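# Examination of the molecular architecture
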Amino acid sequence: MTLLALLGDYTLQKVAIGAALLGLISGVLGSFAVLRKQSLLGDTLSHAALPGVCLGFIIAGGRELGSILTGALVTGTLAALTMLLLTRMSRLKTDAALGVALSVFFAVGVVLLTYIQGGNNASQGGLDSFLFGQAAATLTSDLWVMATITAIALALVTVLWKEFKLVSFDPEFAACSGLPVILLEATMTVMIALAVVVGLQMVGVVLMAAMIIAPAVAARQWTKRLEHMVLLAAAFGIVGGVCGAVISAMGPGLATGPLIILSLSLIVVVSLLLAPGRGFAWELYKLRRDRRTLRTQQVLTTLYRLARHHRDPAFRSDQGMVDAYHGTNTRRALQYLAGKGWVRFESPHAGDPATQPHWALTESGRHEAERILTELEGASR
Amino acid sequence: MITSLLDTFFNDIDLMIMLVGALVGIASSLVGTFLVLRGSSMLSDAIGHSIVFGIILVWLITHQTSGPWQILGAALTGLLTVFLSELLINTRKVKADAAIGLVFPVLFSLGILLINLYASDVHIDAHTVLLGEIGFVWLDTLSIAGHDVPRAIVTMGSMTLINAAFIGLFYKELKLATFDAPLAKALGFAPGILFYVLLLLTSGTAVAAFDAVGAVLFVAFVIVPPSAAYLLTDRLWLMFLYGALISVASSISGYYLAVWWDVSIGGMMAVMTGVFLALAFLFGPRYGMAAQWFRRRQQRALNDSRTLAVHLYNHEGGPEQDVENVTQALREHLLWSSSRANRVVERSCQRQLITLQGERLALTETGRYLAREILEPGQHNNR
């Protein structure tokens, strides 16, 4: 199937729209979770959605998305509360509380899952899919549910933007200014559960953790502002989601969930490497530039000090002497300085025993050296 | 005689399943104790997920899922997750929690894709990956000295022994590295290497337990029993003991409940570890909610008696003594409800801090001493 034919495919369109919705909501909400160092909360909440899915199934008596998602939301929230209770009221640390809530809730889900399957319910087959998601089975009605949840979450973020921002960056100050911090934090946690609920159909409970974290981490690389980070994370989420959906449509056995996660992870890798300012490539470039600047500044001030010592502004320093002074070859640094017009190349005098080239400061070079030295003195004072 | 006894033992399906469950729990909680104490429990979650990639990779290469080399090979993926996460953390671009949550889904996704593409016809399907098949462990047997021993018993048993041997050999070093890593480093114990070996053992345990309980339920066996034990005791060796006991109890109770309700055995065992954690949380001897509540209540009662004693002492012998030192005055001056005032008076009488002289409350010698100790601490030791 060619790409064009693929894009016209009705199933793919639905999957792509679903994946885009998921990318949008998890990008936006994940930004706050990552900034608040609650990345693994998404992991716990998504695993804890499983018993809710089963309970919703049992109560509704069939695979009805509305009640299943409500169940997931309820047990996800319960798991968050359990975690909070354990960290506040016992000596367990956050990581253990997260792990306990994750594994025990998931185990309850497994028990309920097998209970439903043991009951020989006709539509049980669809339930397994919530473990890994079953994007291809997305119905148009599912999309409407997902779109509604996404819209609610986005509206909440818009309305409570200032409050969320303050609570994410400075909860103490937020509490001092009279904001209901605990209520806001609870709201943010429930909203992560909302994102998990949207993700159930697409990537399943096991892979939701990366869905929450990856777009936010990638976006953080490119910007320092929360506004831009949230928008970028949403964009990355959408791109990753759609890419995963399209690739998975190319052949059998290519599960949508894992491919969405892998696409997003690729975006993370590229961002970590290439983002200006924080990327590795950028840092490497900056490191080299700083090193060169330092080296040339050292050589320049050496020439200046030599000239001062000899009370001769046009003192000609022997290249070998400058090398010995710095313990390395300084020819490149001197050539760079010459390029800047700060030093002047002078060929050795006729009859001079030294064969090495000589270098002298220019007028502007002397000013530059004086500027550097005063700057250094200022810094050391 | 012994042979037939052993055969009966190994052919007892119920017993074999419970034994595998208990061994998974003991082996996991041995390593889990250190993870919980170090505050890196969620690494077990990352390891549990990412070994899926290792297992399928090893299967693609050797077409075997069991055997010591296969376990080691797959376990290395667990270590790879930890290594990659630490690499990410060390760049200081990504926080620790986010780094862990970024790496393992990638390996897990790759694992699931490989299973779907190349191994969908073998017994590792995506469903087993998550839930395990502890109910069928007795089907896969090894012949040892003429006996058919379930393979899971052999692998989990060896894993338990290896973990126990490692902890036994390096008990002091591990203890020091867990509670005071800088000192361990200063003394030259290489806490980093010890920790990596511990994580390798965790991965190995995860791989060995994979067929029985799957990748996610494994997390319950690693984290929950040690966490429950941590709520019960401050002693490290007791944590191991409690962890093992909780594992055995969860395995037995989980098995019978699962059979009774006809649900997943591994899942029910994991749920039971959670139940035991809840019990420890509520009724633990020192850190449990009930104990804390009881202690607070006792403290409050003691404070009330002390307040009463000081109040009576302040007005003793004074002109307003008859007005102040009566139960009625406690309601007005100490703002106690009448039931609280009566309760405190009654309890103080019982403890012989005060006596009733008609309406008036009078301090006894003990009560007077108590009040003076509070008002002028340390002045009355010679009495």
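The residue count restarts for each chain, going from 1 along the sequence in the order it is written. Here the convention is simple: chains get letters from A, ligands get numbers from 1, in the order in which they are written. Two thresholds apply to this predicted model, a pLDDT of at least 70 for residue-level local features and 80 or more for giving and counting side-chain atom pairs, whereas whole-chain, interface and lining totals are computed over all residues. The side-chain numbers reported here are obtained from all heavy atoms of the structure, hydrogens and water having been left aside.

Formally: UniProt positions are given in the numbering used here, feature names are shortened, and annotations may be inferred rather than shown by experiment.
If you check an unreviewed UniProt entry, chain B appears there as Metal ABC transporter permease from Halomonas binhaiensis. Regarding chain B, the UniProt comment filed under Sequence similarities (unreviewed entry) reads as follows: "Belongs to the ABC-3 integral membrane protein family."

An unreviewed UniProt entry lists chain A under the name Metal ABC transporter permease, from Halomonas binhaiensis. Checking UniProt for chain A, the heading Sequence similarities (unreviewed entry) contains the comment "Belongs to the ABC-3 integral membrane protein family." Database annotation for chain A, UniProt heading Subcellular location (unreviewed entry): "Cell membrane".

### Here's the deal with the overall build of chain B
Stated precisely, the cut-off is as follows: Think of it this way: any DSSP run of H or I at least four residues long counts as a helix, any run of E at least two long counts as a strand, and we number them from the N terminus. For the exposure calls, accessible area comes from a 1.4 Å probe over protein chains only, and a residue counts as buried if that area is under 20% of its type's maximum, exposed if over 50%, partly exposed in between. A contact between two residues is defined here by any heavy atoms of the two lying within 4.5 Å. His residues and chain termini do not enter the charge count, which takes Lys and Arg as positive and Asp and Glu as negative. One atom stands in for each charge, and that atom is NZ of Lys, CZ of Arg, CG of Asp or CD of Glu.
When helices and strands are counted, chain B shows 17 helices and four strands. Its C-alpha atoms give chain B principal-axis dimensions of roughly 95 × 55 × 35 Å. Counting all 383 residues of chain B, 51% fall into the buried class. For chain B, the share of sequence-separated contacts (at least 6 apart) that also reach a separation of at least 24 residues comes to 66%. For chain B, the centre of its 24 positive side-chain charges and the centre of its 27 negative side-chain charges are spaced 13 Å apart.

### Topic: the nonpolar core
Spelled out, the test is: What we call a nonpolar core is a set of buried Ala, Val, Leu, Ile, Met, Phe, Trp, Tyr and Cys residues that are connected through their side-chain atoms within 4.5 Å.
Counting residues in each nonpolar core, the largest one holds 198 residues, and the members touching the most others are F106(A), F108(B), L130(B), I134(B) and V213(B). Looking at this core element by element, the count peaks at 26 residues for helix 10 (residues 191–232) of chain B. Residues within four places of I134(B) in sequence aside, it is in contact with I17(B), V20(B), G21(B), D211(B), A212(B), V213(B), I265(B), G266(B) and M269(B). Among the nonpolar cores identified, the runner-up in size contains 15 residues, and V322(A), A333(A), L361(A) and A369(A) belong to it.

### Some remarks on the domain arrangement of chain A
Here is the rule we go by: An automatic or database domain assignment is the source of the domain bounds shown.
Per the domain assignment, the segments of chain A are domain 1 (3–275) and domain 2 (282–379). Look at where the C-alpha atoms of domain 1 of chain A and domain 2 of chain A centre, and you get two points 59 Å apart.

### Considering the sheet that holds strand 1 (residues 317–318) of chain A
Residue and element names in this part refer to chain A. Note the threshold: In this analysis, strands are considered paired if DSSP registers two or more bridges between them. Axis definition: a line fitted to C-alpha atoms, over the contacting stretch in the case of helices. Angles run 0 to 180 degrees between N-to-C directions.
Read across the sheet, three strands follow the order 1-3-2 without closing on themselves; strand pairing throughout is antiparallel. Sheet topology places strand 1 and strand 2 (343–346) at the edges, where each strand pairs with a single neighbour. Relative to strand 3 (residues 358–361), helix 14 (residues 280–309) is tilted by about 85°, and along the sheet it contacts strand 1, strand 2 and strand 3.

### Considering the packing of helix 3 (residues 42–62) of chain B against helix 4 (residues 68–90) of chain B
Residue and element names in this part refer to chain B. Just so we agree on the cut-off: Orientation is classified from the angle alone, with under 35 degrees giving roughly parallel, over 145 giving roughly antiparallel, 65 to 115 giving roughly perpendicular, and any other angle giving oblique. Helix crossings are classified by the rotation of the near helix relative to the far one: an anticlockwise turn of less than a right angle makes the crossing left-handed, while a clockwise turn makes it right-handed.
Contact geometry for helix 3 and helix 4: axes closest at 7 Å, N-to-C directions at 135°. One way to sum up the angle between helix 3 and helix 4 is to call them oblique. In this structure, helix 3 crosses over helix 4, and the sense of that crossing is right-handed. Of the residues in helix 4, those touching helix 3 at L43, A46, I47, S50, I51, F53, G54, I55, V58 and T62 are Q70, G73, A74, T77, G78, T81 and V82.

### Thoughts on the pattern of salt bridges
A side chain of one charge can pair with a side chain of the opposite charge if their charged atoms are brought near each other. Spelled out, the test is: Within this document, salt bridges are pairs made up of a side-chain nitrogen of Lys or Arg and a carboxyl oxygen of Asp or Glu, the two lying within 4 Å of each other.
One pass over the structure, following the stated rule, counts 13 salt bridges over all chains. Where R366(A) meets E363(A), a salt bridge forms, and the shortest distance between an N and an O atom there is 2.7 Å. Taken together, the positions of R366(A) and E363(A), both in helix 17 (residues 363–380) and three residues apart, correspond to about one turn of that helix. The residue R340(B) makes a salt bridge to D304(B) at a minimum N-O spacing of 2.9 Å. You can see R340(B) sitting in helix 16 (residues 338–350) and its partner D304(B) sitting in helix 13 (residues 289–315), a full 36 residues away along the chain. Given a relative accessible area of 8%, D304(B) falls into the buried group.

### Description of the interface of chain B and chain A
Many structure descriptions define interface size as the accessible area lost when the parts assemble. To keep it simple, the criterion reads: Reported buried area values correspond to the accessible surface (1.4 Å probe) lost by two parts on association, with both partners' losses combined.
Across the contact, 57 residues belong to chain B and 56 residues belong to chain A. For the pair chain B and chain A, the summed buried surface comes to about 4,600 Å²; carbon and sulfur atoms form 77% of the total. Looking at the side of chain B facing chain A, the largest losses of area belong to M42(B), K93(B) and D97(B), adding up to 15% of the total buried there. In this structure, the connection of chain B to chain A is made through two salt bridges. The partner of R91(A) in a salt bridge is D234(B), and the shortest N-O contact between them spans 2.8 Å. When residues of the side of chain B that touches chain A are traced back to their parent elements, those giving at least two are helix 2 (13–38), helix 3, helix 5 (96–118), helix 6 (126–131), helix 10, helix 12 (265–283) and helix 13 of chain B. With 14 residues, helix 5 of chain B is the largest single contributor of residues to the side of chain B that touches chain A.

### A few points about unusual backbone geometry
Phi is mostly negative for residues that are not glycine, and the peptide bonds are mostly trans. Within the chain, K37(A) stands out as a residue other than glycine whose phi angle is a positive 55°. Checked against the element boundaries, K37(A) lands in the loop between helix 2 (10–35) and helix 3 (39–60). Under the relative-accessibility criterion, K37(A) is labelled exposed at 53%. Even without being glycine, Q352(B) reaches a positive phi, approximately 55°. You can see Q352(B) is positioned in the loop between helix 16 and strand 3 (354–357).

### Notes on the packing of aromatic side chains
Ring pairs (aromatic) are described by centroid distance and by the angle formed between their planes. The condition is simple: Here the aromatic set is Phe, Tyr and Trp, taking the six-membered ring for Trp, and pairing holds for ring centres within 6.5 Å; pairs whose planes are under 30 degrees apart are stacked, those over 60 apart are edge-to-face, and all others are tilted.
Inspection of the entire model under this criterion finds nine aromatic pairs over all chains. Their ring planes at 70° and their centres at 5.1 Å tell us that F9(B) and F10(B) sit as a pair that is edge-to-face. With a relative accessible area of 34%, F9(B) lands in the partly exposed category. With relative accessibility at 16%, the residue F10(B) sits in the buried group. Taken together, the ring pairs connect F32(A), W161(A) and F164(A) into an aromatic cluster.

### Re a nonpolar patch on the surface
Residues and elements named next belong to chain A. In plain terms, the rule: Here a patch means residues that are over 30% exposed by relative accessible area and free of salt bridges, tied together within 9 Å if like-charged and within 5 Å if nonpolar (Val, Leu, Ile, Met, Phe, Trp, Tyr). Under the convention used here, a 1.4 Å probe and the Shrake-Rupley method define accessible areas, while residue burial counts only the protein chains that appear.
A surface patch of nonpolar side chains, amounting to about 550 Å² of accessible area, comprises W222, L266, V269, V270, L273 and L274. Take the nonpolar patch: its biggest share by element is five residues, from helix 13 (residues 256–274). Take L274: it is sitting in helix 13.

### Side note on the packing of helix 2 of chain B against helix 10 of chain B
Residue and element names in this part refer to chain B. Quick reminder of the rule: Amino acid classes used here: Ala, Val, Leu, Ile, Met, Phe, Trp, Tyr, Cys and Pro are nonpolar; Asp, Glu, Lys and Arg are charged; the rest, including Gly, are polar.
The interhelical angle for the contact between helix 2 and helix 10, taken along N-to-C directions, is 65°, at an axis separation of 5 Å. Between helix 2 and helix 10 lies a crossing whose hand is right-handed. Among the residues forming the contact of helix 2 with helix 10, the class breakdown is 22 nonpolar, nine polar and one charged.

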